[in-house]
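# Summary of the model geometry
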Amino acid sequence: MENKIILNSTELTGIMNRDEMNKLSLVIEEKKWNDYRKKYDEAANLKLLSFPIQIDFELNSSCNLKCPMCPISAESPKGKGKSTWFDFELYKKIIDYSYNEGTRAIKLNYVNEPLIRKDIIKFIKYAQSVGILDIYLSTNGMLLNQKISDELIDSGLTRLQISIDAVSEETYQKVRPGGKLKTVIANLQNFLELKKKKNKIIPLTRVNFVKTSLNEIELDEFISYWSNKVDMIGVQEFVKPTKVKNSSIISKKTIKKKNFKCSFPFKQLVITNEKKILPCCTFWGEELPLSILKSPEDLKIAWNNEKMRNLRQTHLNGDYQSIEQCKNCVQGGLS
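To start, this report covers the structure provided alongside it. Being a predicted model, the structure only gives us computed values, none of them experimental. (Residues numbered from 1 in each chain as written. Predicted model: local features only at pLDDT ≥ 70, side-chain atom pairs only at ≥ 80, totals over all residues. Heavy atoms only, no water.)

Below, the discussion takes up the overall build of the protein. Tallying secondary structure elements over the protein gives 11 helices and 11 strands in all. A buried classification covers 57% of the 335 residues belonging to the protein. At a minimum sequence separation of 6, the contacts of the protein that also span at least 24 residues come to 72%. Counting only carbon and sulfur atoms, one obtains 49% of the accessible surface of the protein, whose full area is about 14,800 Å². (Helix = DSSP H or I, 4+ residues; strand = E, 2+ residues; numbered from the N terminus. Buried < 20%, exposed > 50% of the residue type's maximum accessible area, 1.4 Å probe, protein only. Contact = heavy atoms within 4.5 Å. Areas by Shrake-Rupley, 256 points an atom, 1.4 Å probe, with all protein chains shown as cover.)

Now the structure itself:
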């Protein structure tokens, strides 16, 4: 596996072995897969689609870790129990409507830990039954036990991303306090062995590394360790959290990029557990709410509303600095 990080000019995450995504054409009808990726690439290159190609769902607003690069660490867990979780019947209506409008990919988390929901499998299976082609989620891996691993592999999930961000236990405790690196590695290794035993192509696996001043010294070793074990490696530029005041963890080794134009408002919408519709999946998307979802049709209204149109045009003009939230997001990761 060649250690080449590909950073799309309109995204904040570089992907090593991005072409491994094409393996999914082996388990998805090739024409449907190619049509989906063509539209996704068009959106990634700032072409407006009639409806988002991807929708992200925050099925619960909670996490089992307190990572310093995440705004959820600054929030109280009070009042965020099961009664606030995303309703499955509403989810089904949204999937039905969105698929008919052109959505072909979903991500089943925002900044939360999705495996806290023990019923996540039914969300995956329903999306697949409707025809959603690319179904994925990101997890910290602490809850990736034998039972959920077995269920995820058989569920139709196409991609599993595990956020690890460290090689040594000492560094891991700084970036992911509350977790245990040995547990995460053991869980992932068991997942990979189980997937091989079942002779399954999916879910494709990707490990993620968010660069901060706390861990960037371990990046090369991280890539070396995982390069022959997983399908892809994601290296994300640090996005300064919205609710965490400590900015001292910002990496000093950011990728320098001029005239950055964000593709998120052209690709996807996010629905939080509070039913807020957001224009992007970074922390700062929460500061730019488009509307409150009361029915699936509200997604199309939000996709075409004046706020969203202005956001797209600003990025097309290369003027993200004029939007405070975009400036804080991009300049927290790029210089």
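Here we come to helix α10 (residues 306-316). The complete set of buried residues in α10 reads Met 308, Leu 311, Arg 312, Thr 314 and His 315. Each buried residue of α10 lies within a common arc of 160 degrees when the element is viewed along its axis, so the set occupies one face. As for α10, its buried residues are in contact with α8 (264-267), β9 (268-271), α9 (298-303) and α11 (324-330). Between the side-chain oxygen at the start of α10 and the backbone nitrogen of Lys 307 there is a gap of 3.3 Å, and the oxygen is on Asn 305. Backbone geometry just downstream of α10 places Gly 318 in the positive-phi region, at approximately 70 degrees. (Arc of directions from axis to C-beta. Polar contact = N/O pair within 3.5 Å; in protein donor to acceptor, adjacent residues only side chain to side chain.)

This part takes up helix α3 (residues 120-130). Residues that lie three or four places apart on an α-helix share one face, since the helix turns once every 3.6 residues. Within α3, burial applies to Ile 120, Ile 121, Phe 123, Ile 124, Tyr 126 and Ala 127. Contacts from the buried residues of α3 go to α2 (88-101), β4 (105-107), β5 (134-139) and α4 (146-155). The first or second residue beyond α3 is Gly 131, which carries a positive phi of 125 degrees.

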